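Here are the chains, one letter per residue:
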Amino acid sequence: MLHSKRGGWLLAMGAAAVVGCALDARAVTLTLRAVADTTIYNDNTTGGNGLGQHIFVGRTNNGGVRRGAIRFEIDQIPPGSTITSASLAMFVSQTQAANTIGLHRATVSWGEGASNASGTESTGTTAEVNDATWLHRFYPDTFWTTPGGDFEAVANVSVAASGTNSTTTWSGAGLITDLTVWMNNPAQNFGWILKGNEATRSAKRFNSSDHLTVNTRPLLTVTFTPSVPMGACCLPVTGECQLRSQANCLSLGGNYSGDNTTCAPNPCPEPVGACCLNNGSCVDTVPSNCTTLGGMFRYGASACATVACPVVLTPFVDALPIPSVATPVSGVPSGAAHYEIEMTEFTQQLHRDLPPTRLWGYNGTYPGPTIEARAGQPVTVVWKNNLRTTTGDLRTTHLLPIDTCLHGPDATGGLPVTVVHVHGAKTDPLSDGDPDLSFPPGQESPVHTYPNDQLASTLWYHDHGLGLTRLNVYMGLAGFFLVRDAAEDALNIPRGEYEVPLVIQDRTFAPDGSLQYHQDWQEHFFGDTVLVNGKVWPYLNVKKGKYRFRLLNGSNSRAYTLSLSDASVFNQISTDQGLLPGPSLLSSITLLPSERVDIVIDFAGYETGEEIELLNTALSPYPAGGQGPDIENVMQFRVVSATGDQDPLPGVLTTFQTIPESQAVRSRMFELQSQFDVDCGHERWRINGLLWDDITEFPRFNTTEIWSWVNRSNVSHPMHVHLVSFQVLDRQNFEVVGGVITPTSARVLPPASERGWKDTVNATPNQITRVIMRFNGFKGLFPYHCHILEHEDHEMMRQFRVVCVGDANYDNVTNAADLSVLLSQWNQQVLPGSGADFNHDGIVNGADLSVLLGWFGTGC
Ligand code: C2O
Ligand code: CU
Ligand code: CU
């Protein structure tokens, strides 16, 4: 099953009247789809959401008012007919509170442009030409007389909108009145403005006529006794059959089949039109032949000359690539060694039927070469930004659209700055890929040192450019960094050809093979194809035996819930930062962006030639879905006849000690919440409402803390902390009572799949997720953030500073300078969070000084 969903195709279907049938000789019932619908926003007065999947009506959390607009073409109803019943049904997919919504007849025309606020639909996106906005009937030049729309003050029909996942229906005499007016005066049919409760929080989200689920789109049902006979009318261009009067049919250039003929069975000849084939090419033919060719007929699109066919890629036609292993410039390969790694621009073919794609990668490959490292044996790397244009000049622009409203590009503009972070590595701050140390093409990093004083684990390196991470990683800047150790070597687990890293990433392509990404920052990016190790939906030939797969979700926003197509079980043997105590049998596993697990799949029991798919069932955004495309296929395993590794897995993999809660010297709460950003004019995610440069966490070196992720939303956030590895303690429901986070359930232990060392955790929706960790190894400034790259790039990323006890000037407690800095900070009553505030209550009292004096000299 392929999942390439492009707006043009669906819109073309959605805009047509879909059914027409005669109930008896006289009464006719039509069910009609909207020809236009959109939302206007009073706090984003030039924003639109024409092609978005939803319509909002009412007042939001943040006090913004939304109104909907919707129009149906009813010219199939002959003027002078008698409408006997009518109803408008709209599907509610999200609800805030009660909301009585009236249908007000618009008194002027308005438009629906191509804007699509996918991901930020509740706030809209920049309007496109012909969009209706709060100010415009047709953006950018034609305005309403009254901002918010020109419409009849009185709604002839209103109804209390229903709750989530149910249908709201307007019907009755008022609706018949409106339709009768339009039937007799078609030039006055400007549709309705949907206006609800605008005084209190009330917003309802309806599915629009652009929603991917066709049967949840708005539907108008009208039953009438026609004033003149009607019959089947075959329309030109589309070849569609609709019930119309003879005169009306002929005026449209249609073919009238005769009075009282019907569309079922369909008397119309098949129309010739654009048929999009699987390889992205197009032929003009009839629908039945298109089906024979395995193509997709574009109803409503007249010819290939005017149609852009979606890219439809066949799954499982390319072999899975295995990234090469990086070669050091000095030292011991796979041990203590020094590397020089360049970021360059190149093209690479990502699917059999795609032209080569322009990418960025490390040392000319996507994914980058795998760095093989051993515990205790330091690796050093100089990372070079050598991104150049096709003419060989150092790049001064990005290949993808930059959003200069974001922190980073607001200063660097389009310059493609980069910096490399080894995710999960314990390093000093200057080797950690601090986004503030991003550098432009032509420059290189200082020597980054990775001591590898950590457990055997699947780490990865990726770009961390300030405000550009989502774009740079999307371009291809990612690779594996594997740490091995003697304890793992001693285990009899699959290795060599039976140990395979798999990085899973979603992308969207244009027919020319180029990567597609949103024009401006959006809350999420969900591609329409899944790549593993840089190939779209690849296959891997597997021998009959066990394989260790090192799974990495390297996607920007997409979560994956992975399972095998035959529902077989597999063993999980590790989490992000190391081996589990023992193999854990699972039938599915969910990975949020940047989470890793190593799993062992046993192919011993399969027949030669069997094909098993690795499938995904996670919705996007995770877990609620609704903004997909949702993609099922990931990759395929093809069983060959040879025998592979059939040794049993060891029952014990490592000893794992839980960190007792009693070790924690401090607990911190982090509220994860979406808030309106006045500067950029949209919602964005934040941590405790603070920004990157607001540093308020100063964990003391070599102490243990508990951090609670309080997720005030319906979306999972993969929260990642640099420097540390942590353990997940538990999760708990909460409610916000009078502004206070109030737990409402017992704490629940994490599932077995999370009971190991981790560095990225699913902060589950509307729950408190607690992690415990020890701040050791290095002191200094480190990032922590959500690993949905779109969130991270737009302020869901902050910093903490690991400090020594008594180290007021952050240079370690080595000299009397600390004491004098402390004394002067204390005297000046400097702000909370500064070096002198030892009991973390602000420097407000003498307690700090005495704590300080007691600690001085006992430091790190
Ligand atoms: Cu994988 Cu700061 O990130
Ligand atoms: Cu990291
Ligand atoms: Cu997030």
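This write-up is about the structure you can find in this document. (Residues numbered from 1 in each chain as written. Chains lettered and ligands numbered in written order. Predicted model: local features only at pLDDT ≥ 70, side-chain atom pairs only at ≥ 80, totals over all residues. Heavy atoms only, no water.)

Helix and strand content of the protein: ten helices and 53 strands. Overall, the C-alpha framework of the protein stretches about 95 × 70 × 55 Å when taken along its three principal axes. Sorting the 860 residues of the protein into buried and exposed places 57% on the buried side. Once local pairs closer than 6 in sequence are excluded, the contacts in the protein between residues at least 24 apart make up 74%. In the structure as shown, the protein presents an accessible area of about 31100 Å², 53% of it carried by carbon and sulfur atoms. Both charge centroids of the protein, one from 52 positive and one from 81 negative side chains, sit 3 Å from each other. (Helix = DSSP H or I, 4+ residues; strand = E, 2+ residues; numbered from the N terminus. Buried < 20%, exposed > 50% of the residue type's maximum accessible area, 1.4 Å probe, protein only. Contact = heavy atoms within 4.5 Å. Areas by Shrake-Rupley, 256 points an atom, 1.4 Å probe, with all protein chains shown as cover. Lys, Arg positive; Asp, Glu negative; His and termini not counted. Charge placed at Lys NZ, Arg CZ, Asp CG, Glu CD.)

Now for the coordination of the copper ion (ligand 2). Surrounding the copper ion (ligand 2) are the protein donor atoms His421 (NE2) and His720 (NE2), at 1.9 Å. One end of the pair, histidine 421, is in strand 28 (residues 420-423); the other, histidine 720, is in strand 47 (residues 717-721), and 299 residues separate them in sequence. Taken individually, histidine 421 and histidine 720 each receive the classification buried, so the pair is uniform in this respect. (Donors = N, O, S within 2.8 Å, 3.2 Å for Na, K, Ca; no water.)

Turning to the sheet that holds strand 30 (residues 457-463), a few remarks are in order. The strand order 26-31-30-28 describes an open sheet built from four strands, whose pairing is mixed. Strands with a single pairing partner mark the edges of an open sheet, and in this sheet they are strand 26 (368-374) and strand 28. The sheet shows a mean angle of 20 degrees between the axes of neighbouring strands, direction not considered. Relative to strand 30, strand 28 runs antiparallel, the two being bridged by four bridges. Paired with valine 420 across the bridge in strand 30 is aspartate 463. (Pairing = 2+ DSSP bridges. Axes fitted to C-alpha atoms, helices over the stretch in contact; angles between N-to-C directions.)

Further remarks concern the sheet that holds strand 20 (residues 273-276). Across the sheet, three strands lie side by side as 21-20-22; this open sheet has antiparallel pairing. In this open sheet, the two strands that pair with only one neighbour each are strand 21 (282-285) and strand 22 (296-297). As judged from the four bridges shared by strand 20 and strand 21, these two strands associate in the antiparallel manner. For cysteine 275, the partnering residue across the bridge sits in strand 21 and is valine 283.

The buried fraction of strand 25 (residues 357-362) amounts to five of the six residues, a majority that puts the element mostly inside the structure. Examined bridge by bridge, strand 24 (residues 337-348) and strand 25 share six bridges and lie antiparallel to one another. Within strand 25, the position partnered with threonine 347 by the bridge is arginine 358.

As for its placement among the helices and strands, leucine 789 is situated in helix 8 (residues 789-792). What makes leucine 789 buried here is its relative accessible area of 2%. Sequence separation between leucine 789 and proline 718 is 71 residues, and the spatial gap between their C-alpha atoms is 10.0 Å. Residues in contact with leucine 789, not counting those within four places in the same chain, are Thr469, Arg470, Val473 and Asn556.

Bringing the coordination of the copper ion (ligand 3) into the picture now. In ideal tetrahedral geometry, four donors around a metal make angles of 109.5 degrees, whereas ideal octahedral geometry with six donors gives angles of 90 or 180 degrees. Taken together, the protein donors to the copper ion (ligand 3) comprise His717 (ND1), Cys786 (SG) and His791 (ND1), at separations of 2.0 to 2.2 Å. Counting along the primary sequence, the residues that act as donors to the copper ion (ligand 3) give the motif H-x68-C-x4-H.

The next point concerns the packing of aromatic side chains. A full pass over the atoms with the stated rule returns 28 aromatic pairs. When the centroid spacing of 4.9 Å and the interplanar angle of 35 degrees are considered together, the rings of phenylalanine 670 and tryptophan 709 count as tilted. A residue pair is termed long-range when its members are at least 10 positions apart, and phenylalanine 670 in strand 44 (residues 664-677) and tryptophan 709 in strand 46 (residues 704-711) qualify at 39 residues. Tryptophan 709 shares its class with phenylalanine 670; the two are buried. Ring geometry for tyrosine 784 against phenylalanine 800: centres 6.2 Å apart, planes inclined by 45 degrees, an arrangement best described as tilted. Of the two residues, tyrosine 784 sits in strand 52 (residues 780-786) while phenylalanine 800 sits in strand 53 (residues 797-802), which places them 16 residues apart along the sequence. The pair formed by tyrosine 784 and phenylalanine 800 is uniform in burial state, with each residue classed as buried. These aromatic residues form a ring-pair network of at least three members: Phe670, Trp707, Trp709, Phe775, Phe782, Tyr784 and Phe800. (Phe/Tyr/Trp six-rings, centres within 6.5 Å; stacked < 30°, edge-to-face > 60°.)

Read these as geometric descriptors, not functional statements.
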